[in-house]
Amino acid sequence: LFAGPCDFLLGVTSIAALPDPGLPEVAFAGRSNVGKSSLLNALTNRKALARTSNTPGRTRELNFFDLGGELRLVDLPGYGYAKASRTDVEGWTGLTLDYLKGRVGLRRVCVLVDSRHGLKPVDAGTMDTLDEAAVPYQIVLTKIDKVKPTAAEGVRKAVAGAIVKRPAAHPDVLLTSSQTGEGMEELRTTLAALTER
Ligand code: GTP
Ligand code: MG
């Protein structure tokens, strides 16, 4: 599935503009700069399918990608810090939350967390929303190339412990690096399984 075509479908800035639900969707959520767009590129072996940047707040729309006509990947704007006006940020955040709470066909949300930082209160807020809406999600630790293996394992355990009682959380916490490709095959396998009925 991930070796085949992946095409940009559209970018959305309002709920009214969302594409008709049809294919199952997987969304990538997380704090600004955590590596959502980079992960999407690494998963699909593209260099610049989704635009990435050193500056937090790069992704400002809900960007939909069609993976082989079987699955849609959705790159979300980050929450937290962004170099933009407060009104703009509130606009994207509201849109992102509305999408996450009410989307038919949303099979899984990958909640990305930086391996160097672990879970932040704002991540807990996102997980609260997903738990309440009963949307299945999974924590994906990013940038593990930036931490020592023992530290990465420590963060993984801490996160796994913190989500035990969360009803919509998948118990597995993946360690990934978009830079080295670590964890990509495992994540591809997990996501490909969501296309099966
Ligand atoms: P927003 O769209 O602003 O919310 O950010 P994002 O979550 O999409 O992050 P993006 O993919 O744009 O990456 C942010 C920065 O982190 C870029 O400079 C990336 O090159 C870097 N980055 C992303 N993933 C990795 C990784 O696995 N390892 C390392 N070392 N850097 C990474
Ligand atoms: Mg982005």
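Criteria and cut-off values
Residues numbered from 1 in each chain as written. Chains lettered and ligands numbered in written order. Predicted model: local features only at pLDDT ≥ 70, side-chain atom pairs only at ≥ 80, totals over all residues. Helix = DSSP H or I, 4+ residues; strand = E, 2+ residues; numbered from the N terminus. Rg over C-alpha atoms; globule rule 2.2 N^0.38 Å. Buried ≥ 20, exposed ≤ 12 C-beta atoms within 10 Å, placed from the backbone. Contact = placed C-beta atoms within 7 Å. Pairing = 2+ DSSP bridges. Near = placed C-beta within 6 Å. pLDDT = per-residue confidence, 0-100.

(A) The arrangement of the overall build of the protein chain in detail. In terms of regular secondary structure, the protein chain is built from five helices and seven strands. Overall, the protein chain shows an N-to-C arrangement of helices and strands of β-β-α-β-β-α-β-α-β-α-β-α. Against the 2.2 N^0.38 benchmark of 16 Å for 197 residues, the protein chain shows a C-alpha radius of gyration of 15 Å, consistent with a compact globule. Dimensions of the protein chain, computed from C-alpha atoms along their principal axes, come out at roughly 45 × 40 × 35 Å. Within the protein chain, buried positions represent 39% of all 197 residues. Of all intrachain contacts in the protein chain linking residues separated by at least 6 positions in sequence, the fraction that spans at least 24 positions is 74%.

(B) Highlighting the pairing of strand β3 (residues 62-67). Where burial is concerned, most of β3 is hidden: five out of the six residues are buried. Relative to β3, strand β1 (residues 6-12) runs antiparallel, the two being bridged by six bridges. Within β3, the position partnered with G11 by the bridge is N63. In sequence, β3 turns back onto strand β4 (residues 71-75) through a hairpin of three residues, with G68 there showing a positive phi of about 55°.

(C) Looking closely at the sheet that holds strand β5 (residues 106-114). With respect to topology, seven strands assemble into an open sheet ordered β1-β3-β4-β2-β5-β6-β7, the strand pairing being mixed. Edge positions in the sheet fall to β1 and β7 (174-175), since each has one partner strand and no second. In terms of strand pairing, strand β2 (residues 25-30) meets β5 through six bridges, oriented parallel. What sits directly across from V26, in β5, is R108.

(D) Seen up close, the site of ligand 1. Around ligand 1 sit 24 residues, and of these G35, S38, T52, T59 and G78 come closest. It is helix α1 (residues 36-43) that provides the largest number of residues to the shell around ligand 1, a total of three residues.

(E) Geometry of α1. Most of α1 sits out of view: eight of its eight residues are buried. K36, S37, S38, L39, L40, N41, A42 and L43 are the residues of α1 that are buried. Following α1 by one or two positions, N45 adopts a phi angle in the positive range, close to 60°.

(F) Quick look at the confidence of the model for the protein chain. Per-chain confidence: the protein chain averages 93 in pLDDT, with 96% of residues scoring 70 or above. Here the predicted complex scores 0.96 on pTM and 0.99 on ipTM.

(G) Spatial organisation of the pairing of β5. With respect to burial, β5 is a largely interior element, eight of its nine residues being buried. Here six bridges tie β5 to strand β6 (residues 137-142), and the two strands are oriented parallel to one another. Bridged to D114 within β6 is T142.

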